[in-house]
Amino acid sequence: MALLKILHYPDTRLKKIAVPVTKFDRALAALVSDMAETMYAAPGIGLAATQVDVHRQVVVMDVSEERNNLLTLINARVTHKEGAQVYEEGCLSVPGIYDKVERAALVRVDYVDIKGKPCVLEASGLLAVCVQHELDHLQGKVFVEYLSPLKQGRIRTKLAKQAKANL
Ligand code: QAP
Ligand code: CO
């Protein structure tokens, strides 16, 4: 078990595109376990491997109140989207920044679990937002990219100041 270092926007490594997982071995189990530990410690409700500088299609999420319902999505593909909803999002890679983003209200996702077994997830509400937010990370996309260029500039300035203060 280990806490992993989370990359902060606008780190260019957040723009890398993740490749599918092909080996369902102990190294994968260790990565998932470390990602879950890192997400719970933050605390957060979702974390994509990209955010810890591992460019493979692995996501962990837990949107439950009790924080006891870990969901691990590997090689996930959205097969259906429906409707729209606006949610105030944040991100462990963009600390202290929250803003509204419009996404699908309902998503169906094909994925495999940590053993490589095919699964299907149908999500709505917060879980649907979280799935879309995390799968964006695997494609090199951070939620602030949905905001206006003006807001993106302000966020970059604010995070640069934070980074300097943390030296
Ligand atoms: C993505 O985000 C998400 O700024 C997961 O200071 C967000 O876990 C999906 C966090 C909203 C759906 C809705 C952010 C923690 C956690 C911060 C997170 C912070 C501390 C963000
Ligand atoms: Co995020």
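One can find the structure itself at the top, above this paragraph.
In this report, we go over the structure that sits alongside the text. Everything numeric in this text was worked out from a predicted model, so none of it was measured.

1. Focus on the layout of surface pockets
Within this model, the largest pocket holds a volume of roughly 390 Å³. Lining the largest pocket are 21 residues, and of these Ile45, Glu89, Gly90, Cys91 and Tyr98 lie nearest its centre. Of all the secondary structure elements, the ones that give two or more residues to the lining of the largest pocket are β4 (85-89) and α2 (125-138). Take the lining of the largest pocket: its biggest share by element is 5 residues, from α2. For the lining of the largest pocket, the class distribution of residues is 12 nonpolar, 6 polar and 3 charged. When its volume is computed, the second largest pocket comes out at roughly 210 Å³. Taken together, 14 residues make up the lining of the second largest pocket; nearest its centre are Val78, Gln132, Leu135, Asp136 and Gln139. Contributing elements (two or more residues each) for the lining of the second largest pocket: β3 (71-82), β5 (99-103) and α2. Classifying every residue of the lining of the second largest pocket by side-chain character gives 6 nonpolar, 3 polar and 5 charged.

2. Examining the site of ligand 1
Every one of the 17 residues lining ligand 1 counts as a neighbour, but Gly44, Ile45, Gly90, Gly96 and Tyr98 are closest to it. A distance of 3.0 Å is found between an oxygen atom of ligand 1 and a side-chain nitrogen or oxygen belonging to tyrosine 98. Compared with its free state, where it exposes 510 Å², ligand 1 has 83% of that area covered by protein. Among the cavities detected, the one that contains ligand 1 is the largest pocket.

3. Regarding the pairing of β5
On a regular strand, one side chain projects to one face of the sheet and the next to the other, so that they alternate. A one-sided burial pattern is seen for β5, the buried positions being Asp99, Val101 and Arg103 and the unburied ones Lys100 and Glu102. Relative to β5, β4 runs antiparallel, the two sharing 5 bridges. Considered in β5, the bridge of glutamate 88 is made with lysine 100.

4. Topic: the coordination of the cobalt ion (ligand 2)
Looking at the cobalt ion (ligand 2), one finds its protein donor set to be Cys91 (SG), His133 (NE2) and His137 (NE2), positioned 2.1 to 2.2 Å from the metal centre. Binding-site remark: the cobalt ion (ligand 2) is held by donors from one chain whose sequence spacing is C-x41-H-x3-H. Separated by 4 residues within a single helix, histidine 133 and histidine 137 lie in helix α2, roughly one turn from each other. Among the residues examined, histidine 133 registers a relative accessible area of 6% and is labelled buried.

5. Some points on the environment of valine 59
Mapped onto the secondary structure, valine 59 falls in strand β2 (residues 58-61). Residue valine 59 is classed as buried on the basis of its relative accessible area, which comes to 1%. When near neighbours in sequence (up to four residues on either side) are disregarded, valine 59 contacts Met35, Leu47, Ala48, Leu71, Thr72, Leu73, Glu134, Leu135 and Leu138.

6. A short note on the packing of aromatic side chains
Tallied over the entire structure, the rule returns 0 aromatic pairs. When the ring centre of tyrosine 146 is taken as origin, the NZ or CZ atom of lysine 141, which lies over that ring, is 4.3 Å away.

7. Observations regarding the pattern of salt bridges
For the structure shown, the criterion picks out 6 salt bridges. A salt bridge links arginine 13 to aspartate 53, with the nearest nitrogen and oxygen atoms 3.4 Å apart. A residue pair is termed long-range when its members are at least 10 positions apart, and arginine 13 in the segment before α1 (26-41) and aspartate 53 in the loop between β1 (46-48) and β2 qualify at 40 residues. Judged by its relative accessible area of 32%, arginine 13 falls in the partly exposed class. Close ionic contact of glutamate 89 with arginine 103 constitutes a salt bridge, the shortest N to O distance being 2.6 Å. Here glutamate 89, found in strand β4, pairs with arginine 103, found in strand β5; they are 14 residues apart in sequence, far enough to count as distant. When salt bridges with common partners are traced through the structure, they connect Asp11, Arg13 and Asp53 into a single cluster.

The rules behind these values
- Residues numbered from 1 in each chain as written.
- Chains lettered and ligands numbered in written order.
- Predicted model: local features only at pLDDT ≥ 70, side-chain atom pairs only at ≥ 80, totals over all residues.
- Heavy atoms only, no water.
- 1 Å grid on protein atoms, 1.4 Å probe; cavity = no way out; pocket = protein on both sides within 12 Å on 5 of 7 lines; lining within 4 Å.
- Points joined across faces, edges and corners; volume = space filled by probe spheres on them.
- Helix = DSSP H or I, 4+ residues; strand = E, 2+ residues; numbered from the N terminus.
- Nonpolar A, V, L, I, M, F, W, Y, C, P; charged D, E, K, R; others polar.
- Near = heavy atom within 4 Å.
- Polar contact = N/O pair within 3.5 Å; in protein donor to acceptor, adjacent residues only side chain to side chain.
- Areas by Shrake-Rupley, 256 points an atom, 1.4 Å probe, with all protein chains shown as cover.
- Sits in = over half its atoms within 2 Å of the grid points.
- Buried < 20%, exposed > 50% of the residue type's maximum accessible area, 1.4 Å probe, protein only.
- Pairing = 2+ DSSP bridges.
- Donors = N, O, S within 2.8 Å, 3.2 Å for Na, K, Ca; no water.
- Contact = heavy atoms within 4.5 Å.
- Phe/Tyr/Trp six-rings, centres within 6.5 Å; stacked < 30°, edge-to-face > 60°.
- Lys NZ or Arg CZ within 6 Å of the ring centre and 35° of its normal.
- Salt bridge = Lys/Arg side-chain N within 4 Å of Asp/Glu carboxyl O.

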